[in-house]
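# Geometric and topological summary
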Amino acid sequence: MVKSSPRARAWQRMLSGRRLDLIDPSPLDVEIADIAHGLARVARWNGQTKGAEIFSVAQHSLLVEAIFAALTRDAPREQKLAALLHDAPEYVIGDMISPFKAAIGGDYKDVERRLLAAILIRFGLKPVMAPEVAKAIKAADRDSAYLEATELAGFSQSEARKFFGAPRIALTEFATYFHPWRPEEAQARFLARFTELDA
């Protein structure tokens with residue numbers, strides 16, 4: 001009789017003690033402390049940014065939410081929370097740059113989509129954002145990418161416009177976000193903003 005090989009481990013243990021299954025994630029295994037800790041230690045742009053510290057996904061998430069809130073002033077709390085959490089799956093799967101995501105295709109996107117749905121459900125949001133909300137958050141994400149690219153990642157303005165489009169908002173409004181924070185500060189600020197929006 002041939003033994004079937006055991007299924008490869010598809011979960012990660014978190015510092016909270018939770019065991020998150022990456023293939024079939026349960027909202028019950030999602031903790032905001034784990035998200036904040038992980039995102040504060042994941043580098044945007046594969047770490048190819050100026051400054052003594054990485055520019056973390058936590059800091060990027062705060063910037064995107066701030067841009068989204070500035071451009072969508074009447075947005076309810078739930079939409080701002082969705083903007084803050086838009087990259088939350090990266091606390092377990094890391095921040096892959098867009099060219100690599102395009103190269104590996106659908107499987108990565110499926111895992112990312114399932115993780116985001118579990119995260120949104122965990123915090124009382126719908127598992128799939130309304131198309132107009134998703135579009136507005138994506139636009140704020142592109143604005144953030146342009147500003148990060150030109151301020152931190154060595155892109156020229158013309159090069160950044162080619163890839164991300166021209167930003168709809170002035171850098172001066174968000175200048176404080178372009179000094180990379182230490183992980184502990186990024187983690188604390190992310191948690192503080194989450195607490196405000198989740199109240």
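Scroll up for the structure.
Let us look at the structure shown here. Worth saying up front: this structure is predicted, and the values here are computed from it rather than measured.

Basis of the calculations
Residues numbered from 1 in each chain as written. Predicted model: local features only at pLDDT ≥ 70, side-chain atom pairs only at ≥ 80, totals over all residues. Heavy atoms only, no water. Axes fitted to C-alpha atoms, helices over the stretch in contact; angles between N-to-C directions. Helix = DSSP H or I, 4+ residues; strand = E, 2+ residues; numbered from the N terminus. Left-handed = near helix turned anticlockwise from the far one by under 90°. Contact = heavy atoms within 4.5 Å. Nonpolar A, V, L, I, M, F, W, Y, C, P; charged D, E, K, R; others polar. Salt bridge = Lys/Arg side-chain N within 4 Å of Asp/Glu carboxyl O. Buried < 20%, exposed > 50% of the residue type's maximum accessible area, 1.4 Å probe, protein only.

Our focus in this paragraph is the packing of helix α2 (residues 57-71) against helix α3 (residues 77-84). Look at α2 against α3: their axes get within 8 Å of each other, and the N-to-C directions meet at 145 degrees. Two packed elements cross with a definite hand, and for α2 against α3 that hand is right-handed. Counted together, Ser61, Leu62, Val64, Glu65, Phe68 and Ala69 of α2 and Gln79, Lys80, Ala83 and Leu84 of α3 form the full contact between these two elements. When the residues that make up the contact of α2 with α3 are grouped by side-chain class, the tally is six nonpolar, two polar and two charged.

Our next topic: the pattern of salt bridges. All chains considered together, the criterion is met by 13 salt bridges. Close ionic contact of Arg44 with Glu148 constitutes a salt bridge, the shortest N to O distance being 2.9 Å. One end of the pair, Arg44, is in the loop between α1 (32-39) and α2; the other, Glu148, is in helix α7 (residues 131-151), with 104 residues separating them in the sequence. In this structure Arg44 comes out as buried when scored by relative accessible area, which is 11%. Using a relative accessible area of 0% as the deciding quantity, one classes Glu148 as buried. The partner of Glu184 in a salt bridge is Arg182, with the nearest N and O atoms 3.8 Å apart. The exposure class assigned to Glu184 is partly exposed, which follows from its relative accessible area of 47%. Take Arg182: its relative accessible area is 48%, and that puts it in the partly exposed class. Within the structure, one salt-bridge network assembled from shared partners comprises Arg18, Glu31 and Arg122.

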